[in-house]
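Here's the letter readout for the chains.
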Amino acid sequence: MSRSLRAVPPELPSFDLVVATVGRTDELTRFLDSLAAQDYAGTRLLVVDQNEDDRLEPILAASPVEVLHLRSSRGLSRARNAALGHVEAEIVAFPDDDCVYPPGLLRRLGERFAGRTDLAGVTGRAVGFDGSVSPSWRPDPTPLRRDDLWNRAISFTIFLRRPVVDAVGRFDEQLGLGSGTSWHSAEEIDYLIRAVDTGARIEYDPELVVQHEVRENTPAIGLRDGASIGYLLRRHGYGPRVVGRMLVRPTGGTLAALVRLDGAGARYQLATLRGRLRGYLGARRSKISA
């Protein structure tokens, strides 16, 4: 199997896959195994290694695709920014080190992009390894708009043409795991808002799926993610209609869970509401951090 981007058929685009990783080996090996099953030669892996040792060397040496091995300090957004200056392919993606690409995913995407010169990006859904799907995912395929892109993307289901990535620039290092701030998630939603603001046409397709462990909705997760969403609502200048809607949803979710006598669900929804209020009130419309 060729490990060169030049091996991709001329009518199909090449892919650069930016993977930030720390502390994981078995999961990264599993992801590489899923790349071996893609049957798509025009793929390169940009691994941003945040480990303090060389544990990844034997894993990357056995990669089925070309690898660019990079290093960065801790922080998900910092790691992705370390890779952005090295992207060369026509399509850029941001898979997690513990996700899995279903067979044929890259060819399906490549054919879609090749047939649509107006298409700047595609997003899809996450599906658990057991086939489970979070009910929060929206069922309708649609172009993303800044007011309704919520629950239509997650980092590892985002695929963007390189000119969009060039136009948007760096990830906000105040957002994401390891940021050292109160905003531990939603860095990819921030990135998509900025992409849509450039006028890029990015389409959500719920039939496009990437496998990933489905997380448990705990109050800690609700508070964490809620704070990041509140931060984005304030920083990107969303108006009262959208802000109100984003506060009404967890309020209604809390009441609905109480009616069902679902104490865990009510605690999660209430924590989400508290997080969104905290993030909105604590955020400032600051510039992207370097």
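Okay, so let's go over this structure. Only a predicted model underlies this, so the values are computations on that prediction, with no experimental measurement involved.

**Some points on the environment of Arg-241**
Inspection of the secondary structure puts Arg-241 in helix H8 (residues 240-259). Given a relative accessible area of 56%, Arg-241 falls into the exposed group. C-alpha of Arg-241 to C-alpha of Arg-152: the two residues are 89 residues apart in sequence and 19 Å apart in space. Polar side-chain contacts of Arg-241 include one of 2.9 Å to the side chain of Asp-147.

**Observations regarding the packing of aromatic side chains**
The way to describe two aromatic rings as a pair is by their centre distance and the angle between their planes. What the rule picks out here adds up to 8 aromatic pairs. Relative to Phe-171, the ring of Phe-94 has its centre 5.2 Å away and its plane inclined at 85 degrees; by these criteria the two rings are edge-to-face. Taken together, the residues Phe-94 in the loop between strand E4 (91-93) and helix H4 (105-114) and Phe-171 in the loop between helix H5 (162-168) and helix H6 (187-197) connect sequence positions 77 residues apart. Here Phe-94 and Phe-171 have matching classes, each one buried. Ring centres of Trp-150 and Tyr-238 lie 5.6 Å apart, and the angle between their planes is 50 degrees; on these two criteria the pair is classed as tilted. With a gap of 88 residues between them, Trp-150 in the loop between strand E6 (142-143) and strand E7 (158-161) and Tyr-238 in the loop between helix H7 (219-235) and H8 connect regions that are remote in the sequence. Aromatic ring contacts, followed pair by pair, group Phe-31, Tyr-101 and Phe-159 into a single cluster. The ring of Phe-171 has Arg-80 lying over it, and the distance from NZ or CZ to the ring centre is 5.3 Å. Directly above the aromatic system of Tyr-238 lies the positively charged group of Arg-146, at a separation of 4.6 Å from the ring centroid.

**Re the sheet that holds strand E2 (residues 43-49)**
Taken in spatial order, the 8 strands make up an open sheet running E3-E2-E1-E4-E7-E5-E8-E6, and their pairing is mixed. Every interior strand has two partners, whereas the edge strands, strand E3 (66-71) and E6, have only one. With 3 bridges joining them, strand E5 (residues 121-127) and E7 adopt antiparallel strand pairing. Residue pairing for E7: Val-122 is matched across the bridge by Phe-159. Contacting strand E1 (15-21) and E2, helix H1 (residues 26-36) runs over the sheet at an angle of about 170 degrees to E1.

**With respect to the pattern of salt bridges**
Counted by the stated rule, this structure contains 26 salt bridges. Residues Arg-224 and Asp-225 are paired through a salt bridge, measuring 2.8 Å at the closest nitrogen-oxygen approach. Given the relative accessible area of 14%, Asp-225 is considered buried. As a salt-bridge pair, Asp-262 and Arg-260 come within 3.4 Å of each other at their nearest N and O atoms. Taking relative accessible area as the criterion, Asp-262 reaches 28% and is therefore assigned partly exposed. A relative accessible area of 55% places Arg-260 in the exposed class. Among the charged side chains, a salt-bridge network with shared partners connects Arg-108, Arg-112, Arg-116, Asp-118, Arg-201, Glu-203 and Asp-205.

**Let's talk about the pairing of E2**
With 7 of its 7 residues buried, E2 lies for the most part within the structure. When E1 meets E2, the two strands line up parallel, connected through 7 bridges. Counted as the bridge partner of Ala-20 is Val-48 from E2. With H1 bridging E1 and its parallel neighbour E2, the resulting β-α-β unit is right-handed.

Calculation criteria
Residues numbered from 1 in each chain as written. Predicted model: local features only at pLDDT ≥ 70, side-chain atom pairs only at ≥ 80, totals over all residues. Heavy atoms only, no water. Helix = DSSP H or I, 4+ residues; strand = E, 2+ residues; numbered from the N terminus. Buried < 20%, exposed > 50% of the residue type's maximum accessible area, 1.4 Å probe, protein only. Polar contact = N/O pair within 3.5 Å; in protein donor to acceptor, adjacent residues only side chain to side chain. Phe/Tyr/Trp six-rings, centres within 6.5 Å; stacked < 30°, edge-to-face > 60°. Lys NZ or Arg CZ within 6 Å of the ring centre and 35° of its normal. Pairing = 2+ DSSP bridges. Contact = heavy atoms within 4.5 Å. Axes fitted to C-alpha atoms, helices over the stretch in contact; angles between N-to-C directions. Salt bridge = Lys/Arg side-chain N within 4 Å of Asp/Glu carboxyl O. Right-handed = clockwise from strand over helix to strand, strands pointing away.

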